[in-house]
Amino acid sequence: MNPKKTIKANLSRRESLVNDNIVFYKKIPLPTWIELSLIDVCNRKCSFCPKSDANLAPDTFMSMSKSLIDKLCYELKQIGYKGSIALCGYGEPLLHKDIIYIVEKLSKVSSVEIVTNGDVLNSKMMKSLYKANASRLLVSMYDGEHQIKKFKKIANEAKVPEDFMILRDRWYSEEQNFGVKLTNRAGTINIGNQIKNIHSFCYYPAYQFLIDWNGDVYLCPQDWQRRNAMGNSMQSHIFEIWKGKIFSKYRQNLLQGKRSSNPCLNCNANGTLLGKSHASLWRQIYNIKS
C-alpha cells in the first residue's frame, strides 16, 4: 500500500459524495456531508491525534442519545437531505453501545459511512453493520501491514461484499506524517511535517458540519477544542442552525479568505479540497465576488 495513493483515493471518493446531489430547501443549498461524533472516548492514543493528550482531549465517555438520533433523522427527512453521514468525530464510533440502532436509523435517510480503528471489530459486528445498511466501513490500520490479512479474514467470515470495507494504511512514521492528511487540528497539536498556516479560503462551512455527542454543532472536525458551537441540535432545528447567523458569519468570512477568529485563526487545514460547487452557490447568495 502507498499512503499518498490512499489519501488521493479517499479524496476522490469523497469528492463525488460531496459534490453530487446538492439539493435546496427554502432556496438554501443543504450540506452534503454531516459528521457525527457519537462517543467521546477512544481506545487508542495516536500521537498525531489530540486524544493522545488528556489535557487537550480527555475521554469523558459521554455518548449520543437515541433521542438525538431520532430527532436528526426526522429533520433530515423533513428537509429532503440527500448527502452522506459519517460516523467518526472525536471518538471511536464502534464503542457506542447503540451503534447498530444508530446505523439502521440513519440509513433510512442517508448513506452512512463508519470510520474506525477496527480494534473491536469482528465478523459478527461487521455483518450486523452491513445488515443495518451501513454503506461503507473505513478501517484505519495503525499497527502494520499484517492487519490487512486480519481484516480481510473478518470480512470473508462476515460474508459482506468486497467493496463494503475500505482499508487505510496509517502505520507510517512521523516523517511520513503517519500516512494521514496531517493538520494541526485548528492549532491544537504540532507534530510531523506540518505546513504553516498558508491557507485562507475554506469551504468547510459551505458543505458540511459536525454534531457532537450532546447535539452541539461545529464548523468542522478540525475544531477539537470545541471553541465555537454554531448551535445545539437538541434545542434547535438543524436547518435553522445551518442558515443561522453564527454559521453565516463564519461561512461568509471563510469564503472571502478571512480566517479571523477561532477556531479558524490558527488552523492550517486546506479547506478548499472539496466543496467548490457549494462555495460557488453560497457566494451567489451572499453576493461575494470570486
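Here's a quick rundown of the structure. (Residues numbered from 1 in each chain as written. Predicted model: local features only at pLDDT ≥ 70, side-chain atom pairs only at ≥ 80, totals over all residues. Heavy atoms only, no water.)

Core analysis: the largest hydrophobic core is formed by 75 residues, its most contacted members being Leu-36, Leu-87, Leu-106, Leu-121, Met-126, Leu-129 and Ile-211. Among the elements that make up this core, the one with the highest residue count is helix 2 (residues 66–79) (six residues). (Core = buried A, V, L, I, M, F, W, Y, C linked by side-chain atoms within 4.5 Å. Buried < 20%, exposed > 50% of the residue type's maximum accessible area, 1.4 Å probe, protein only. Helix = DSSP H or I, 4+ residues; strand = E, 2+ residues; numbered from the N terminus.)

Pairs of packed helices are described in terms of their axes, by the angle between the two and the distance that separates them. One can describe the packing of helix 4 (residues 123–131) onto helix 5 (residues 147–158) by two numbers: an axis separation of 8 Å at closest approach and a directional angle of 60°. On the basis of their axis angle, the class for helix 4 and helix 5 is oblique. The interaxial crossing formed by helix 4 with helix 5 has right-handed handedness. Of the residues in helix 5, those touching helix 4 at Ser-123, Met-126 and Lys-127 are Ile-154, Ala-155, Glu-157 and Ala-158. Looking at the contact of helix 4 with helix 5, its residues break down into four nonpolar, one polar and two charged. (Axes fitted to C-alpha atoms, helices over the stretch in contact; angles between N-to-C directions. Parallel < 35°, antiparallel > 145°, perpendicular 65-115°, else oblique. Left-handed = near helix turned anticlockwise from the far one by under 90°. Contact = heavy atoms within 4.5 Å. Nonpolar A, V, L, I, M, F, W, Y, C, P; charged D, E, K, R; others polar.)

Counting through the fold element by element, Tyr-101 comes out in helix 3 (residues 99–106). On a C-alpha basis, the gap between Tyr-101 and Ala-132 in space is 7.8 Å, while along the polypeptide they are 31 residues apart. Sequence-distant contacts of Tyr-101, defined by excluding residues within four places in its chain, comprise Lys-66 and Asp-70.

This part is about the environment of Arg-168. Inspection of the secondary structure assignment puts Arg-168 in strand 7 (residues 165–169). A residue is classified by how much of its surface remains accessible, and Arg-168, at 10% relative accessible area, is buried. Residues Arg-168 and Ser-140, 28 residues apart in the sequence, show an inter-C-alpha distance of 4.8 Å. Excluding anything up to four places from it in sequence, Arg-168 contacts Thr-6, Asn-10, Val-115, Leu-138, Val-139, Ser-140 and Met-141.

With that out of the way, let us pick up the packing of aromatic side chains. By the definition in use, this model includes ten aromatic pairs. Between Tyr-90 and Trp-224 the ring centres are 4.9 Å apart and the planes differ by 65°, which places this aromatic pair in the edge-to-face class. Of this pair, Tyr-90 sits in the loop between strand 4 (84–87) and helix 3 while Trp-224 sits in the loop between strand 9 (216–218) and strand 10 (231–232); the two residues are 134 residues apart in sequence, bridging distant segments of the chain. Here Tyr-90 and Trp-224 have matching classes, each one buried. (Phe/Tyr/Trp six-rings, centres within 6.5 Å; stacked < 30°, edge-to-face > 60°.)

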